[in-house]
Amino acid sequence: MTQPQTIEGVQGLLSDQGYVCGRDLGTVVFLSLRLGRPLFLEGEAGVGKTEIAKALSAALGRRLIRLQCYEGLDSASAVYEWNFAEQMIAIRTAEAAGGVDRGHLKDELFSDEYLIERPLLQAMRPQAGGAPVLLIDELDRTDEPFEAFLLEALSDFQVTIPELGTVKAPEPPIVIVTSNRTREVHDALKRRCLYHWVDYPTFDREIEILQARAPEAADSLSREVVAFVQRLRTEDLFKKPGVAETIDWAKCLLALDVISLSPEVIADTLGAILKYQDDIQQIQGSEAKRILDEAKASLEPA
Ligand SMILES: Nc1ncnc2c1ncn2[C@@H]1O[C@H](COP(=O)(O)OP(=O)(O)O)[C@@H](O)[C@H]1O
Ligand SMILES: [Mg+2]
């Protein structure tokens, strides 16, 4: 699949994958593809950062390679490691056969056959459909040394394996880095990328997303759900509901054959949108009714 030639082209491709993409996001995605620059997406959890990488890889017919970050992630898990167990077996086998040629054995033990490729190395390898989409997900969960290491890998799209040499990507992968901003990611890395803050969607856009992701939901229910969630996000909560929660909630309500929100229904299903007991306690009861009333009022034609 050739790359889209316009911002509208990007939006169209993503929309074919059920991803609703506004013009602002469409623009940075377009530029990232056009300029071959990594895209850094930051925003609260559940606003569609990870999903865009999936949608983009599907839309472009490229392989998706995902590096899920976590505390303590090191290069053995991110780039490559040697298959130690297999190497041991090979050594034992060679010893048993007698006459071990040390030089030869060493070359063999550190060849492709014993190399376990992790996401970053995989992303440097040529792929059938063209350069892959490399998703470096939730970078804020790693530590600074790993960030520094990543910065280097992303600047020349190559990794060096001392025993084998340097592997360089024939064509740079399409890189998407995400962060939920549990900490600030270093400037140097951000500067290497195009940056976009993914905000909670507006009412209209969230309705559109719901239509794409939960098309079974009736219009009136979708509007109530979105109006309620949008109001809920203005409350002082420990963890505000993301788009993922809106979709989940709509699906729960559908499964319960709910056609319109009521305080009782909300109380029974609040766990679909709020995931912290303190938040649930705060909203349950009279608060839920107040927010629902406000949400319904906002839906009435002026
Ligand atoms: N713009 C969007 N269009 C379609 N679906 C979306 C959109 N934004 C979020 N979603 C839905 O929300 C879910 C969570 O999004 P995700 O990408 O995992 O969030 P994040 O990575 O920002 O935490 C996705 O599985 C997708 O179904
Ligand atoms: Mg994510």
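Right above here is the structure, for reference.
Bear in mind the structure is a predicted one, so any value in this text is a computation, not a measurement.

Peer 1: Can you help me understand the site of ligand 1 in this one?
Peer 2: Around ligand 1, the structure places 18 residues, and the nearest of them are Gly 48, Lys 49, Thr 50, Glu 51 and Ala 244. Counting only elements with at least two residues in the shell around ligand 1, the list comes to helix H3 (49-60), helix H10 (203-213) and helix H12 (243-255). When the residues that make up the shell around ligand 1 are grouped by side-chain class, the tally is 9 nonpolar, 6 polar and 3 charged. When residues are assigned to domains, the shell around ligand 1 turns out to be shared by domain 1 (7-71 + 123-197) and domain 3 (203-290), each giving three or more.

Peer 1: What is the right way to read the packing of H10 against H12 from this model?
Peer 2: Geometrically, a packed helix pair is captured by the angle between its two axes and the distance between the axes. Here H10 crosses H12 at 55 degrees, and the two axes come no closer than 10 Å. Taken together, the axis directions place H10 and H12 in an arrangement best described as oblique. Viewed along their axes, H10 and H12 form a crossing whose handedness is right-handed. Here H10 contributes Glu 206, Ile 209, Leu 210 and Arg 213 to the contact with H12, which in turn contributes Val 243, Thr 246, Ile 247 and Ala 250. Looking at the contact of H10 with H12 residue by residue, the class counts come to 5 nonpolar, 1 polar and 2 charged.

Peer 1: Can you help me understand the nonpolar core in this one?
Peer 2: Looking at soluble globular proteins, one finds that nonpolar side chains tend to be buried together. Of all hydrophobic cores here, the largest spans 71 residues; its most connected members are Leu 56, Ile 136, Ile 176 and Phe 228. Taken domain by domain, the makeup of this core includes at least three residues from each of domain 1 (7-71 + 123-197) and domain 3 (203-290). Ignoring sequence-local partners within four residues, the contact set of Ile 176 consists of Leu 39, Leu 41, Ile 52, Ala 53, Val 133 and Leu 135.

Peer 1: I would appreciate a short explanation of unusual backbone geometry in the present structure.
Peer 2: Excluding glycine, residues mostly carry a negative phi; peptide bonds, for their part, are mostly trans. Notably, Glu 138 is not glycine yet its phi reads approximately 60 degrees, a positive angle. By the secondary structure assignment, Glu 138 is in the loop between strand S5 (133-137) and helix H8 (144-156). On the basis of neighbour counts, which here come to 19 C-beta atoms within 10 Å, the residue Glu 138 falls in the partly exposed class. In this structure, Phe 157 is a non-glycine residue whose phi angle is positive, near 50 degrees. Here Phe 157 shows up in the loop between H8 and strand S6 (158-161). Given 21 C-beta atoms within a 10 Å radius, Phe 157 is considered buried.

Conventions adopted
- Residues numbered from 1 in each chain as written.
- Chains lettered and ligands numbered in written order.
- Predicted model: local features only at pLDDT ≥ 70, side-chain atom pairs only at ≥ 80, totals over all residues.
- Near = placed C-beta within 6 Å.
- Helix = DSSP H or I, 4+ residues; strand = E, 2+ residues; numbered from the N terminus.
- Nonpolar A, V, L, I, M, F, W, Y, C, P; charged D, E, K, R; others polar.
- Domains from an automatic or database assignment.
- Axes fitted to C-alpha atoms, helices over the stretch in contact; angles between N-to-C directions.
- Parallel < 35°, antiparallel > 145°, perpendicular 65-115°, else oblique.
- Left-handed = near helix turned anticlockwise from the far one by under 90°.
- Contact = placed C-beta atoms within 7 Å.
- Core = buried A, V, L, I, M, F, W, Y, C linked by C-beta atoms within 7 Å.
- Buried ≥ 20, exposed ≤ 12 C-beta atoms within 10 Å, placed from the backbone.

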